[in-house]
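So the chains spell out like this:
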Amino acid sequence: MIKEIVIKNLEELQERMLQQNATLIYDEKLLDYLADNGTDVYNGARPLARLINRVVLAPIARKLVVLPKQSGLFYEFTVVVEGNPPGKDENGEVETIEKRKLNFKVREIRK
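Residues numbered from 1 in each chain as written. Predicted model: local features only at pLDDT ≥ 70, side-chain atom pairs only at ≥ 80, totals over all residues. Heavy atoms only, no water.

Details of unusual backbone geometry
Applied cut-off: In DSSP terms, a helix is any run of H or I states spanning at least four residues, a strand is any run of E spanning at least two, and both are numbered starting from the N terminus.
Backbone geometry places Asn21, a non-glycine residue, at a positive phi of 60 degrees. With respect to the helices, strands and loops of the structure, Asn21 is situated in the loop between helix 1 (2–18) and strand 1 (22–25).

Have a look at this one:
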């Protein structure tokens with residue numbers, strides 16, 4: 001259920017990005033990251049939108065502002081989640097600290 005909410009939020013972001021001649025590409029790892037970090041016991045999925053704004057939208061917006069705006073120019077933002085989710089570390093110890101990082105790669109496409 002949470003992943004469906006994540007997908008809906010990312011689809012809304014995607015629609016906004018298309019108006020700026022940009023698109024967002026992501027995989028299941030981003031869905032997992034957002035679902036894991038955008039929910040809590042007390043608030044459910046309410047913090048999810050704030051997390052998406054902070055870790056996905058804000059970095060993309062900062063990059064879009066400085067990229068050249070030209071007719072026929074389109075930008076493809078690929079979000080890569082690096083690292084493993086919290087769980088057991090290499091020694092079998094329980095690891096609860098979030099160490100995954102989001103990395104944004106931008107590709108310029110001329111139409």
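Alright, that's what it looks like, and here's the rest.
Considering the side chain of Gln14
Note the threshold: Note on contacts: a residue pair is in contact if any heavy atoms of the two residues lie within 4.5 Å.
The residue Gln14 is located in helix 1 in this model. Those residues in contact with Gln14, other than ones at most four positions away along the chain, are Thr23 and Leu24.

Some details on helix 3 (residues 48–66)
Note the threshold: Every helix has an expected span of 1.5 Å times one less than the residues it contains.
Look at helix 3: 27 Å from first C-alpha to last across 19 residues, which is about the 27 Å you get at 1.5 Å a residue. Contact partners of the buried residues in helix 3: helix 1, strand 1, helix 2 (28–37), strand 2 (73–82) and strand 5 (101–110).

Some details on the nonpolar core
The tendency in soluble globular proteins is for nonpolar side chains to be buried as a group. Rules: Only buried residues count toward a nonpolar core. Its members are Ala, Val, Leu, Ile, Met, Phe, Trp, Tyr and Cys residues joined through side-chain atoms within 4.5 Å. Think of it in three bands: with a 1.4 Å probe and only protein chains considered, a residue is buried below 20% of the maximum accessible area for its type, exposed above 50%, and partly exposed in between.
Grouped together as the largest cluster of nonpolar side chains are 24 residues, with contacts concentrated most on Leu10, Leu24, Leu34, Val56, Ile60 and Phe77. Broken down by element, this core gets its largest block of residues, 7 residues, from helix 3. Here Leu24 is in contact with Leu10, Leu13, Gln14, Met17, Val56, Ile60, Phe77 and Val79, once residues within four sequence places are set aside.

A few points about the pattern of salt bridges
Short version of the rule: The salt bridge definition used is simple: a Lys or Arg side-chain nitrogen within 4 Å of an Asp or Glu carboxyl oxygen.
Inspection of every chain in the model, using the stated rule, returns 8 salt bridges. The shortest N-O distance in the salt bridge between Asp32 and Lys3 comes to 2.5 Å. With Asp32 in helix 2 and Lys3 in helix 1, the pair connects residues that are 29 residues apart, well separated along the chain. Here Lys3 falls in the partly exposed class, since its relative accessible area comes to 31%. In this structure, the salt-bridge partner of Asp36 is Arg100, at a minimum N-O distance of 3.0 Å. One end of the pair, Asp36, is in helix 2; the other, Arg100, is in the loop between strand 4 (94–95) and strand 5, with 64 residues separating them in the sequence.

Considerations on the sheet that holds strand 1
Convention followed: Note: two strands are recorded as paired if DSSP finds a minimum of 2 bridges between them. Between the N-to-C directions of two axes lies an angle of 0 to 180 degrees, each axis being a line fitted to C-alpha atoms and, for a helix, fitted only over the stretch in contact.
Taking strand neighbours across the sheet as the criterion, the 3 strands line up as 1-2-5 in an open arrangement whose pairing is mixed. For this open sheet the edge positions go to strand 1 and strand 5, each flanked by a neighbour on one side alone. Sheet twist, expressed as the mean angle between neighbouring strand axes with direction ignored, is 20 degrees. Relative to the sheet, helix 3 contacts strand 1, strand 2 and strand 5, its axis offset from that of strand 5 by approximately 40 degrees.

What about the packing of helix 1 against helix 3?
Using the following cut-off: Note: crossing handedness is left-handed where the near helix turns anticlockwise from the far helix by less than a right angle, and right-handed where it turns clockwise. When residue character is reported, Ala, Val, Leu, Ile, Met, Phe, Trp, Tyr, Cys and Pro are called nonpolar, Asp, Glu, Lys and Arg charged, and the others, Gly included, polar.
Where helix 1 meets helix 3, the closest approach of the two axes is 11 Å, and the angle between their N-to-C directions is 35 degrees. For the element pair helix 1 and helix 3, the recorded crossing hand is right-handed. In this structure, helix 1 uses Ile5, Val6, Asn9, Leu10, Leu13, Arg16 and Met17 to contact helix 3, whose residues at the interface are Leu48, Ala49, Ile52, Val56, Leu57 and Ile60. Here the contact of helix 1 with helix 3 is composed, by residue class, of 11 nonpolar, 1 polar and 1 charged.

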